[in-house]
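Examination of the molecular architecture
Below, each chain spelled out in residue letters.
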Amino acid sequence: MEATGTEDINKAQGKLLLSEENDNQQLIITENQGYSNFKHRRAIFYVKKPVEFFAFVDEGFGAATGYSKLYFHLCDETSVNNVNLDIQEMGAHTTFEDNNNLLIRSFGNQDIVLKPFEGRISYQTDRKFSVRKAYSLVMEKKKNTSVRYITILYPVTTASNHKINAKFTDNPSDSDNVSIEVTIDNETYNLNYELKN
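Let me begin by describing the structure that accompanies this report. Here the structure is a predicted model, which is why all the values come from computation and not from measurement.

So, the environment of Val131
Secondary-structure assignment places Val131 in strand S11 (residues 130–141). When its relative accessible area of 36% is taken as the criterion, Val131 is described as partly exposed. Residues Val131 and Thr78, 53 residues apart in the sequence, show an inter-C-alpha distance of 9.8 Å. The contact partners of Val131, leaving out residues within four places of it in the chain, are Asp76, Glu77, Glu118 and Gly119.

Here is the structure:
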């Protein structure tokens, strides 16, 4: 996650805040104070039952103002034609013939704009690169207010006929207690964590 309208990133030293697992899910939470006035925290839920999916909760805290951007870089040039951006749904999906596909949807605590751009990937040190599909999710960052995203990654055989929704159900002023509600094809999952000091 990046905050525009602030200085260049000055630290990329993330730390693990929490890691836990039970029969139904795994959870990892990391945090990075990349800017003096903007901290990024990411929680990754891997839900195992009754269907498998990932839920990412990305939060940006601090006094920074401007725009927060959450980036997604998708398949490389060999698969670029199998990736479709779903701009109105704030996400993307793949269309591989082997029925091994991914449906991505994002939601926020305020309005989000999806902005496609030309992603780049390189496996060499000679500065040559290949193009891939990419997009950012842009949200306005006001002073001393948090930006919060939920992103669902749902493995599917085909992306059609699936409905995904997600929302925050917690008190946004308590950043150490996060709760979200995810609905996939009429099945609801309540996911949460609490950070202990």
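A short note on the sheet that holds strand S12 (residues 147–156)
Here eight strands make up an open sheet; going across it, the order is S2-S3-S4-S5-S12-S9-S8-S7 and the pairing antiparallel. Strand pairing shows two members of the sheet lacking a second neighbour, strand S2 (15–21) and strand S7 (83–86), which therefore form its edges. Across the sheet, the mean angle separating the axes of adjacent strands is 15 degrees when strand polarity is ignored. Taken together, the six bridges between S2 and strand S3 (residues 25–35) define a ladder with antiparallel strand orientation.

Observations regarding unusual backbone geometry
Peptide bonds are, in most cases, trans, and in most cases residues other than glycine have a negative phi. Geometrically, the link from Lys49 to Pro50 is a cis peptide bond, its omega value of -5 degrees lying close to zero. By secondary structure assignment, the location of Pro50 is in the loop between strand S4 (38–47) and strand S5 (53–61). In this model, Asn161 sits at a positive phi of 65 degrees, which is unusual for a non-glycine residue. Mapping Asn161 onto the fold places it in the loop between S12 and strand S13 (164–168).

Quick look at the nonpolar core
Counting 26 residues, the largest nonpolar core has Phe45, Phe53, Ile152, Ile180 and Val182 as the members making the most contacts within it. Leaving out residues up to four positions away in the same chain, Phe45 has contacts with Gln25, Gln26, Leu27, Phe53, Phe54, Ala55, Val57, Leu191, Asn192 and Tyr193. Listed in part, the 19 residues of the second largest apolar core include Phe38, Phe72, Leu114 and Leu153.

Criteria and cut-off values
Residues numbered from 1 in each chain as written. Predicted model: local features only at pLDDT ≥ 70, side-chain atom pairs only at ≥ 80, totals over all residues. Heavy atoms only, no water. Helix = DSSP H or I, 4+ residues; strand = E, 2+ residues; numbered from the N terminus. Buried < 20%, exposed > 50% of the residue type's maximum accessible area, 1.4 Å probe, protein only. Contact = heavy atoms within 4.5 Å. Pairing = 2+ DSSP bridges. Axes fitted to C-alpha atoms, helices over the stretch in contact; angles between N-to-C directions. Core = buried A, V, L, I, M, F, W, Y, C linked by side-chain atoms within 4.5 Å.

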